[in-house]
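Coordinate inspection notes
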Amino acid sequence: MAKKRIRIDMEDTDGARYDIKLEGNVTREKVLKIFEMMDLMNIEEEQETTNIDSVGSKIWYIIDKFFPMGKFTSTNILEKYEDEFNEPIKLSIISTYLSRFSSKGRVDRTRNGREWIYQTIKITQKQQ
């Protein structure tokens, strides 16, 4: 199994910058603990602007708009992408970006037969 590596760059409301690196046996629980720490420090997730000028940002826009909580495949993204942007895209390009999103910890990826099933990783905050 390949060594996992995750890097998280953050900035708080006062302008202080944080760079956190996780290497080795990185689990979902460990990443969630980092986000809990961010919450304790009042560091909010960076609000992404709707600047969708690259293929990767367009694919992420489709995921966020149509599949914010549900599961999806690369074929689902292909269909929504072509409907939304009226431009063709190869399935292999979408698969490549989904693989990158998975390695960056933005989506969870599981094998189902010959295809991959994806789901966005959402961080839930504890109610106090």
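Above this text is the structure in question.
What comes next concerns the included structure. From a predicted model like this one, the values you see are computed outputs, not experimental measurements. (Residues numbered from 1 in each chain as written. Predicted model: local features only at pLDDT ≥ 70, side-chain atom pairs only at ≥ 80, totals over all residues. Heavy atoms only, no water.)

1. Comments concerning the sheet that holds strand β5 (residues 115-120)
We count it as follows: By the convention used here, strands pair only if DSSP detects at least 2 bridges between them. The helix and strand labels rest on DSSP assignments: H or I over at least four residues marks a helix, E over at least two residues marks a strand, and numbering proceeds from the N terminus.
Spatially, 3 strands are ordered β3-β5-β4 in an open sheet, and the strand pairing comes out antiparallel. The sheet terminates laterally at β3 (71-72) and β4 (107-112), the two strands that pair on one side only. By the bridge criterion, 2 bridges tie β3 to β5 in an arrangement that is antiparallel. Across the sheet, Lys71 pairs through a bridge with Gln119, a residue of β5.

2. Describing unusual backbone geometry
Phi is positive for Asn86, which is not a glycine, with a value near 50 degrees. Considering the arrangement of structural elements, one finds Asn86 in the loop between α3 (74-85) and α4 (91-103).

3. Observations concerning the nonpolar core
What counts here: In this description, a nonpolar core means a group of buried Ala, Val, Leu, Ile, Met, Phe, Trp, Tyr and Cys residues linked to one another through side-chain atoms lying within 4.5 Å. To sort residues, take the accessible area from a 1.4 Å probe on protein chains only and compare it with the maximum for the residue type: under 20% means buried, over 50% means exposed, and anything in between is partly exposed. A contact between two residues is defined here by any heavy atoms of the two lying within 4.5 Å.
Among the nonpolar cores identified, the biggest contains 16 residues, and Ile59, Ile63, Phe72, Ile77, Ile94, Leu98 and Phe101 are the most heavily contacted of them. With sequence-adjacent residues up to four places away left out, Ile77 is seen in contact with Ile59, Ile62, Ile63, Phe67, Phe72, Ile94 and Leu98. Residues Ile8, Met10, Leu22 and Val26 belong to the second largest nonpolar core, which totals 9 residues.

4. Concerning the packing of aromatic side chains
Working definition: an aromatic ring pair is given by the centre-to-centre distance plus the angle between the planes. Here is the rule: Any Phe, Tyr or Trp ring, taking Trp's six-membered ring, that has another such ring centre within 6.5 Å forms a pair; planes under 30 degrees apart are called stacked, those over 60 apart edge-to-face, and the others tilted.
In this structure the tally under the stated criterion is 6 aromatic pairs. Taken together, a centroid distance of 5.1 Å and an interplanar angle of 75 degrees make the contact between Trp60 and Phe101 edge-to-face. Taken as a pair, Trp60 in helix α2 (residues 55-66) and Phe101 in helix α4 lie far apart in primary sequence, 41 residues in all. Owing to a relative accessible area of 12%, Trp60 belongs among the buried residues under this scheme. Between the aromatic rings of Phe72 and Tyr118, the centroid separation amounts to 5.9 Å while the plane-to-plane angle is 20 degrees, which identifies the pairing as stacked. In this pair, Phe72 is assigned in strand β3 and Tyr118 in strand β5, connecting sequence segments 46 residues apart.

5. Regarding the pairing of β5
Relative to β5, β4 runs antiparallel, the two sharing 6 bridges. By the bridge assignment for β5, Arg111 is matched with Trp116. Between β4 and β5, which pair antiparallel in sequence order, lie 2 residues; one of them, Gly113, sits at a positive phi of approximately 70 degrees.

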